[in-house]
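Residue-level listing of the chains:
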Amino acid sequence: AAAGSASAIKQVKLEKESELRIEVGHETPLRIRLVSGTAEIFGTEMPPEIWLSFPPRHKFAVFTWYGATIDMDGDTETDYTADETPMVSYVNVHAILDARRNRAKASASDSESPQGPRVIVVGPTDSGKSTLTRMLLSWAAKQGWKPTFVDLDIGQGSITIPGCISATPIELPIDPVEGVPLEMPLVYFFGHVTPSNNVELYKVLVKELAHTLERQFSGNAESRAAGMVINTMGWIEGVGYELLQHAIDTFKANVVLVLGQEKLFSMLKKDVLKINPNVDVVKLQRSGGVVSRNPKFRQKFRSLRTREYFYGLTNDLSPHANIANFSDLFIYRIGGGPQAPHSALPIGAKPVADPLRLAPVNINRDLLHVVLAVSFATEPDQIVSSNVAGFIYVTEVDIQRKKVTYLAPSPGELPGKFLVMGTLTWLET
Ligand code: ADP
C-alpha cells in the first residue's frame with residue numbers, strides 16, 4: 001500500500017472458472033494485483049505481481065480459468081465473487097472464430113482472397129456487448145491475429161469521443177485500464193449521440209466506413225483473414241432494429257451474436273436468414289455481472305470520454321488553446337438539425353429537410369462549448385463522405401473582436417480546413 005496508508009489489503013481467492021466483480025469506489029482509484037495463478041480482465045491476461053490501478057467508478061471483472069489469488073487495495077462500491085458466468089460459451093465462440101480465421105489464412109493464396117469471420121454483437125443496452133466485443137478481440141490478438149474493431153455505438157463507443165462511428169485494428173490484447181489505443185483510428189463524425197437526429201446520415205456513414213474497410217481488406221490478406229468484430233448500439237426497437245439489419249448487411253456480417261434477448265434473436269434469425277442463409281445467428285447468455293448504467297451515468301461517461309480525448313486518461317495530455325478569426329473557420333452542418341424519423345411520419349410522407357444537405361454555419365455564441373470535427377475533406381462537397389482527423393472544442397466566442405478560442409489536442413495548424421458541427425457539446429469540468 002501507499003506510504004502512510006493503513007488500508008488493509010484484501011486478498012481474494014478465486015476458484016477455477018469464477019470471477020471477481022468489482023465496481024471501484026466513487027472517490028479514489030483501486031489497485032489490484034495477481035498474486036498467484038492466472039487471471040484475465042475482459043480477455044486480457046493480468047501480469048503477475050504487478051499492481052494495476054483502476055479509476056473511480058470503473059466496473060469490471062477478474063476472471064480465472066484455473067484459479068487465482070488477487071490482492072485488492074482501495075475502496076470499492078461493490079466486490080463479490082461469482083461462479084456462474086457465461087465465459088465458457090463465450091470462449092467457445094472464440095474457438096470457432098479462430099478456426100475460421102485459420103481456414104481463411106490457409107486458403108489465402110487462392111485467387112479470391114477468403115474472408116475471416118465478420119462478427120457483429122447485438123443486444124439491448126447493458127447486455128454486455130462492448131465487453132464481449134472486447135474479449136473476442138483480445139483473445140484473437142493474443143493468438144497473433146490483428147482483427148479490426150468496428151464501433152457503431154455513437155452513445156458509448158470505446159474508440160474515440162461520442163457521436164462517432166469508427167474502426168481500428170487491434171494488434172495486442174486490449175489494456176484493461178487504458179482501453180483501445182487511440183492511435184490513428186478510422187473515424188466518421190455523426191455529431192449526435194442518438195441516430196434519430198439524422199438516421200439517413202448515420203446509414204451513409206456506416207456505408208462509408210464499411211467501404212473504406214473493404215478497400216483496406218482487399219490489399220491486406222492478413223487483416224481480411226482476421227476479420228472484424230463489430231459493436232452496436234443498444235437501440236433495438238423500430239428504427240434501431242432497421243439500423244441493425246442495415247449494419248449486418250452493409251458489413252456483410254457472417255456471424256451475428258445476440259446477447260440476452262430472446263425476441264431480438266428470433267426476429268433477427270428470421271430476417272437475416274431470409275436474405276442470407278449462410279449467416280450464423282447465435283444466441284448468447286448475458287453475464288449476471290453486467291452493470292446497468294442510468295442515463296445520468298451514460299451522460300457522465302460521454303463527458304469523460306471527451307475529456308479523455310483532450311486531456312488523456314490520467315491528465316497526461318495537455319491540449320493547446322488556439323485563437324482563430326471568424327473568417328478563418330469554415331464550419332458546416334449536415335442536415336437540418338433534429339428531425340422526425342421516417343417511422344414517425346404518415347405513410348408516404350417524406351421529411352422536408354434533406355438529411356444530407358450541407359449548410360455553412362454562421363459563427364455566433366451558439367458555438368460555445370461545441371465539439372467540432374476536423375474533416376479530411378479538401379472540398380466542401382466531400383465533407384459528408386469524409387472521415388475526420390480529430391476534434392476541437394470551442395471555449396470562447398468573442399463577437400466583438402470576431403475571434404474564437406478553441407482547444408486542440410496538439411499545437412499548430414489544424415489537419416484540415418473544414419469543420420463539422422452536430423449537436424455534440426461538452427462542459428469542461
Ligand atoms: P453494453 O455494451 O451492452 O451496453 P457493457 O459491455 O458496456 O454493456 O457493460 C456494461 C457495464 O458492465 C460496463 O461498465 C462493463 O464494464 C460492466 N461489466 C460487464 N461485464 C461485467 C462483469 N462480468 N462483471 C462486472 N462488470 C461487468
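Residue numbering note: each chain is counted from 1, following its sequence as written. Given that this is a predicted model, residues contribute local features only at a pLDDT of at least 70 and side-chain atom pairs are listed and counted only at 80 or more, while totals for whole chains, interfaces and linings are drawn from all residues. Side-chain descriptors were evaluated using all non-hydrogen atoms of the structure, hydrogens and water having been removed beforehand.

### Section: the overall build of the chain
Scanning the chain from terminus to terminus reveals seven helices and 23 strands. Computation of the radius of gyration draws on C-alpha atoms alone. For the globule rule, the value is 2.2 Å times the number of residues to the power 0.38. The C-alpha radius of gyration computed for the chain amounts to 23 Å, which stays within 12% of the reference 22 Å derived for 429 residues, consistent with globular compactness. Principal-axis analysis of the C-alpha atoms gives the chain an extent of 65 × 60 × 45 Å. Only protein chains enter the area calculation, which uses a 1.4 Å probe; residues under 20% of their type maximum are buried, those over 50% are exposed, and those in between are partly exposed. By the burial criterion, 49% of the 429 residues in the chain qualify as buried. Considering only contacts in the chain between residues 6 or more positions apart, those separated by 24 or more positions represent 73%. Numbering of helices and strands runs from the N terminus; a helix is a DSSP stretch of H or I covering at least four residues, while a strand is a stretch of E covering at least two. The contact rule is simple, with two residues in contact once any of their heavy atoms fall within 4.5 Å.

### Comments concerning the site of the ligand
It suffices for a single heavy atom of a residue to lie within 4 Å of a molecule or strand for the residue to be listed as near it. Near the ligand you find 18 residues, and of these Glu19, Lys59, Ser130, Thr131 and Arg293 are the closest. Polar contact is defined as a pair of N or O atoms within 3.5 Å, subject to the rule that within protein one atom must be able to donate a hydrogen and the other to accept it, and that residues adjacent in sequence are counted only when both atoms are side-chain atoms. Here an oxygen atom of the ligand sits 2.5 Å away from a polar atom, N or O, in the side chain of Ser130. Here an oxygen atom of the ligand sits 3.0 Å away from a polar atom, N or O, in the main chain of Val291. Here the ligand has 570 Å² of accessible area as a free molecule, and 91% of this is covered by the chains. Those elements giving two or more residues to the shell around the ligand turn out to be strand 2 (18–24), strand 7 (59–64) and helix 2 (129–142). Using a 1.4 Å probe, accessible areas were evaluated by the Shrake-Rupley method; residue-level cover was limited to the displayed protein chains.

### Overview of the sheet that holds strand 21 (residues 388–398)
Across the sheet, which stays open at both edges, the seven strands sit in the order 17-22-21-20-23-18-19 with mixed pairing between neighbours. The open sheet is flanked by strand 17 (320–325) and strand 19 (358–360), the only strands paired with a single partner. On average, each strand axis in the sheet is inclined to that of its neighbour by 40 degrees, with strand direction left out of account. As paired strands, strand 18 (residues 330–334) and strand 19 are joined by three bridges and run antiparallel to one another. When the bridges of strand 19 are listed, Tyr332 appears paired with Pro360. Across the sheet, helix 7 (residues 295–311) touches strand 20 (370–375), strand 21 and strand 22 (403–408), and the angle it forms with strand 21 is around 95 degrees. Between any two strands, pairing holds if DSSP finds at least two bridges. Angular values range over 0 to 180 degrees, each being the angle between N-to-C directions of two axes fitted as lines to C-alpha atoms, with helices fitted over their stretch in contact.

### A closer look at empty space enclosed by the protein
For each structure, a 1 Å grid was placed over the protein atoms alone; sets of points admitting a 1.4 Å probe that cannot get out are labelled cavities, open sets with protein on both sides within 12 Å along at least five of seven lines are labelled pockets, and lining residues have an atom within 4 Å of a point. Grid points are joined across faces, edges and corners, and a volume is the space filled by probe spheres set on the points. Summed over all chains, the structure comprises five cavities of 30 Å³ or more. Volume-wise, the largest cavity comes out at about 60 Å³. Phe189, Leu201, Leu205, Ile334, Ser375, Ile383, Val384, Ser386, Val388 and Val420 are the residues that line the largest cavity. A per-class count over the lining of the largest cavity returns eight nonpolar, two polar and no charged. The residue classification treats Ala, Val, Leu, Ile, Met, Phe, Trp, Tyr, Cys and Pro as nonpolar and Asp, Glu, Lys and Arg as charged. All others, Gly included, are polar.

### Regarding unusual backbone geometry
Although it is not a glycine, Phe42 sits at a positive phi angle of roughly 45 degrees. Positionally, Phe42 belongs in the loop between strand 4 (40–41) and strand 5 (44–45). Its identity is not glycine, yet Arg57 carries a phi of approximately 70 degrees, on the positive side. Looking at where Arg57 falls in the secondary structure, it is placed in the loop between strand 6 (52–54) and strand 7. Taking relative accessible area as the criterion, Arg57 reaches 29% and is therefore assigned partly exposed.

### Digging into the sheet that holds strand 3 (residues 30–37)
Taken together, the four strands give an open sheet; going across it, the order is 1-8-3-6, and neighbouring strands pair in antiparallel fashion. Of all strands in the sheet, those with a lone pairing partner are strand 1 (10–14) and strand 6, marking the two edges. Adjacent strand axes in the sheet meet at a mean angle of 30 degrees when their direction is disregarded. Of the pairings in the sheet, the one linking strand 3 to strand 6 comprises three bridges and is antiparallel in character. Bridge assignment links Leu30 to a residue of strand 6, and that residue is Phe54.

### Section: the packing of aromatic side chains
Two measures describe an aromatic ring pair: the distance that separates the ring centres and the angle between the ring planes. Only Phe, Tyr and Trp rings are paired, with Trp represented by its six-membered ring, and only when their centres lie within 6.5 Å; those with planes under 30 degrees apart are stacked, over 60 edge-to-face, the remainder tilted. A complete count under the given rule lists eleven aromatic pairs for this structure. Aromatic pair Tyr309 and Phe391: ring centres 5.2 Å apart, planes at 80 degrees, arrangement edge-to-face. Taken as a pair, Tyr309 in helix 7 and Phe391 in strand 21 lie far apart in primary sequence, 82 residues in all. Grouping residues by exposure puts Tyr309 and Phe391 together as buried. Linked through ring pairs, Phe189, Tyr309, Phe310, Phe391, Tyr393 and Trp426 together constitute an aromatic cluster. Two conditions define a charge sitting above a ring: the NZ of Lys or the CZ of Arg must be within 6 Å of the ring centre, and it must be within 35 degrees of the ring normal. Arg307 extends its terminal NZ or CZ atom over the ring of Tyr311, reaching a point 4.5 Å from the ring centre. The ring of Phe330 has Lys417 lying over it, and the distance from NZ or CZ to the ring centre is 4.9 Å.

### Regarding the packing of helix 1 (residues 87–106) against helix 2
Orientation of helix 1 relative to helix 2, taken along the N-to-C sense of each, is 50 degrees, at an axis distance of 10 Å. By the angle between their directions, the pair helix 1 and helix 2 is classed as oblique. Relative to helix 2, the crossing made by helix 1 is right-handed. On helix 2, the residues touching Met87, Tyr90, Val91, Val93, His94, Leu97 and Arg101 of helix 1 are Leu132, Met135, Leu136, Trp139 and Ala140. The labels follow the angle: roughly parallel below 35 degrees, roughly antiparallel above 145, roughly perpendicular from 65 to 115, and oblique for the rest. For any pair of crossing helices, the crossing counts as left-handed if the nearer helix is rotated counterclockwise from the farther one by less than a right angle, and right-handed if it is rotated clockwise.

### Some remarks on helix 5 (residues 239–250)
To estimate how far a helix should reach, multiply one less than its number of residues by 1.5 Å. The terminal C-alpha atoms of helix 5, which comprises twelve residues, lie 16 Å apart, in line with the 16 Å expected from a rise of 1.5 Å per residue. The secondary structure elements touched by the buried residues of helix 5 are strand 10 (118–122), helix 3 (199–218), strand 15 (255–259) and helix 6 (262–275). Following helix 5 by one or two positions, Lys252 has its phi on the positive side, about 50 degrees.

### Quick look at the pairing of strand 3
Strand direction decides the pairing type here: strand 3 and strand 8 (residues 68–73), joined by six bridges, are antiparallel. In the sheet register, Ile32 faces strand 8, and the bridge partner there is Met72.

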